[in-house]
Amino acid sequence: MHIYNVTINIEESIHDQWLVWMQEEYIPSMLATQKFSKALLSKILVDEEMGGITYSVQYTSPDLATLQRFYAEDAEQFAQKMQKFAGKFVTFQTELAIISEQKAIS
């Protein structure tokens, strides 16, 4: 499995509107591409020198080929959707390959 991680720092002035939009529109649209099995939205608990509030969204993809198809078929469309908040955010993406997963023993 692979994780497509998107880290986003959003200005506080539009934070509330952005967060609702992400949860109700953007993330469901990403999942609707059928290229991701789940998405985990997390707030990063650090004060940024530049201000704003920082989040990580981790989209789980079954394999690298599926993630590559997302880039080829969908990534530009989703970059355009984010332009709704142009000038109010900074973002970067990271690809992660899951090596192993361990769960606590109950």
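Structure first, text after, so check above.
How each quantity is defined
Residues numbered from 1 in each chain as written. Predicted model: local features only at pLDDT ≥ 70, side-chain atom pairs only at ≥ 80, totals over all residues. Heavy atoms only, no water. 1 Å grid on protein atoms, 1.4 Å probe; cavity = no way out; pocket = protein on both sides within 12 Å on 5 of 7 lines; lining within 4 Å. Points joined across faces, edges and corners; volume = space filled by probe spheres on them. Helix = DSSP H or I, 4+ residues; strand = E, 2+ residues; numbered from the N terminus. Nonpolar A, V, L, I, M, F, W, Y, C, P; charged D, E, K, R; others polar. Core = buried A, V, L, I, M, F, W, Y, C linked by side-chain atoms within 4.5 Å. Buried < 20%, exposed > 50% of the residue type's maximum accessible area, 1.4 Å probe, protein only. Contact = heavy atoms within 4.5 Å. Pairing = 2+ DSSP bridges. Axes fitted to C-alpha atoms, helices over the stretch in contact; angles between N-to-C directions.

(A) Region of the structure containing the layout of surface pockets. The volume enclosed by the largest pocket comes to roughly 220 Å³. What lines the largest pocket is a set of 15 residues, among which Y4, Y26, A79, M82 and Q93 lie closest to the centre. Listed by contribution, the elements that provide at least two residues to the lining of the largest pocket are β1 (2-10), α1 (15-32), α3 (75-82) and β4 (89-97). Broken down by element, the residue count for the lining of the largest pocket peaks at four residues, all from α3. Residues that form the lining of the largest pocket fall into these classes: 12 nonpolar, three polar and no charged. The space that makes up the second largest pocket amounts to roughly 150 Å³. Every residue lining the second largest pocket is listed: M1, I3, K38, A39, L40, Q58, T60, I98 and E101. Listed by contribution, the elements that provide at least two residues to the lining of the second largest pocket are β2 (38-43) and β3 (53-61). Of the residues forming the lining of the second largest pocket, the biggest block, three residues, is contributed by β2. Here the lining of the second largest pocket is built from residues that sort into five nonpolar, two polar and two charged.

(B) Local environment of the nonpolar core. Membership of the largest hydrophobic core comes to 23 residues, with the highest contact counts inside it found for Y4, W18, M22, Y26, M30 and Y59. It is α1 that contributes the most residues to this core, seven residues altogether. Among residues more than four places away in sequence, those in contact with W18 are I8, I10, Y55, M82 and F85.

(C) Focus on the sheet that holds β4. Ordered in space as β2-β3-β1-β4, the four strands form an open sheet in which the pairing is antiparallel. What marks the edges here is a single partner per strand, and that holds for β2 and β4. Going across the sheet, the axis of each strand differs from the next one's by a mean of 15°, ignoring polarity. For β2 and β3, the ladder comprises six bridges, and the chain directions are antiparallel. By the bridge assignment, A39 is partnered in β3 with Y59. Running at roughly 45° to β1, helix α2 (residues 64-73) makes contact with β1, β3 and β4 of the sheet.

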